[in-house]
Amino acid sequence: MTQDQLVQPTNAAAHLSSPTMRTVRLHAAHDLRLHDEALPAQVPGEVRLKVEAVSVCGSDMHYYHEGGIGPAVIRTPMTPGHEFSATVIGGSGEAYGLPDGTLVAVDPAQHCGHCEQCQAGYPNLCPNVRFLGSPGVDGGLAQFINVPPSSLYPVPPGFSPALAALLEPLGVALHALDITKLRPMSGVTVLGAGPIGLMIAQVAKVCGAAQVRVVEPRAARRAQALHLGADSVHEHYSEVLDATGGRGDDYVLEATTSPGAPEHAALIARIGGRITLVGIPDGDHFQMSAANARRKGLIIKMSRRMGHVYPRAIELVRSGRVNIGGVATHHYGMEGAARAFQDAHEAPDGFLKAVIYPNDLLPEHAAASSSAPTPD
Ligand SMILES: [Zn+2]
Ligand SMILES: [Zn+2]
């Protein structure tokens, strides 16, 4: 155990006037440490935020388990966290219409705005993007962070900090449906009922899918998919062929970490169907045999992060058209961050998503749960 890991938890209010804060850093695969660090310097044009909730993403898991995603490798200790919410503090948001205490969702992607892709309306493809919580750019798993106001979205009354954090993965699901160009009253199959798959299934219904099928090997997750509005669930992808009389489905959205899933998507898509690949495969490789996909003339889209989705994501939740709060199954204080990542890695039955509260302001219902370590 390093000196940093021995830092004792103190109450959040004390940290507001303290020159230091607690930060989590991922040093290498499976090496997550809690540090006591200087507060980030106040930068003109940025809003000072007290981080409220950080949800742990599948992409965080790739950094945690593999130390990187493809060429994006952790070389210096990185503060993870790109799904997070925060409150405005220190009067830093006044000039932007964000008074102190405003709860905001933070868009982690800061695109350059002037490259070819940004100009063409594809900021999610900006090669100059600064993405909070990726190698070289610290993310939200710290008590405080400064973020430009253009990345902040105030949430409506009644949104909890965890719900506001979950707008980021909902945005990923929304973007996946945007690029799928779903025709109303067609069939959709979603591969994987993790948090993203569960959100995609719900957004597909909002987009007018006639029938949403979810393929998921875990019984608990299949039950959750049904609970959230999937029309049918299947343990094995081949059941989708049976369910469609051998035709295959119009759209298949893949949201797993399995290198074999794109092949399954191609096998259960109909002739001329569309596949959207959203998941990040373990090991950064996936399989898809050519003949089947080629003969079917499949349209295959790779989904990359998200475009302009926050206002629509907020409205989806506010209007009650989707239910995303239920994916936040496990809650942790800052001392529990390493355990949160390990739990997310092991993902026991009933686990969907870990939420960490850097200032230890856990929701009341979670404070009593076994997953919430109490600071002592
Ligand atoms: Zn994410
Ligand atoms: Zn750009």
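Residues numbered from 1 in each chain as written. Chains lettered and ligands numbered in written order. Predicted model: local features only at pLDDT ≥ 70, side-chain atom pairs only at ≥ 80, totals over all residues.

Details of the domain arrangement of the chain
- According to the domain assignment, the chain contains domain 1 (4-166 + 324-367) and domain 2 (170-302).
- The distance between the C-alpha centroids of domain 1 and domain 2 comes to 29 Å.
- The interface of domain 1 with domain 2 comprises 13 residues on the first partner and twelve residues on the second.
- In terms of residue count, helix α2 (residues 58-66) provides more of the side of domain 1 that touches domain 2 than any other element does, three residues in total. (Domains from an automatic or database assignment. Contact = placed C-beta atoms within 7 Å. Helix = DSSP H or I, 4+ residues; strand = E, 2+ residues; numbered from the N terminus.)

Re the sheet that holds strand β15 (residues 249-254)
- Strand order across the open sheet formed by six strands is β14-β13-β12-β15-β16-β17, with parallel pairing between neighbours. Edge positions in the sheet fall to β14 (232-234) and β17 (299-302), since each has one partner strand and no second. Sheet twist, expressed as the average angle between the axes of neighbouring strands with direction ignored, equals 20°.
- Where strand β12 (residues 187-191) lies against β15, four bridges are found, and the strand directions are parallel. The residue bridging Val190 from the neighbouring strand is Leu253, located in β15.
- Where helix α5 (residues 167-180) meets the sheet, it contacts β15, β16 (269-277) and β17, and its direction lies at approximately 145° from that of β16. (Pairing = 2+ DSSP bridges. Axes fitted to C-alpha atoms, helices over the stretch in contact; angles between N-to-C directions.)

Details of the environment of Leu226
- Relative to the helices and strands, Leu226 resides in helix α7 (residues 219-227).
- In this structure Leu226 comes out as partly exposed when scored by C-beta crowding, with 15 C-beta atoms within 10 Å. (Buried ≥ 20, exposed ≤ 12 C-beta atoms within 10 Å, placed from the backbone.)

Details of the pairing of strand β7 (residues 103-106)
- Taking every second residue as pointing to the same face, both faces of β7 are buried, with Leu103 and Ala105 on one and Val104 and Val106 on the other.
- Pairing analysis gives four bridges linking strand β6 (residues 83-88) to β7, with the strands arranged antiparallel. Its bridge partner being in β7, Thr87 is matched across the sheet by Leu103.
- Pairing between β7 and strand β11 (residues 152-154): three bridges, direction antiparallel.

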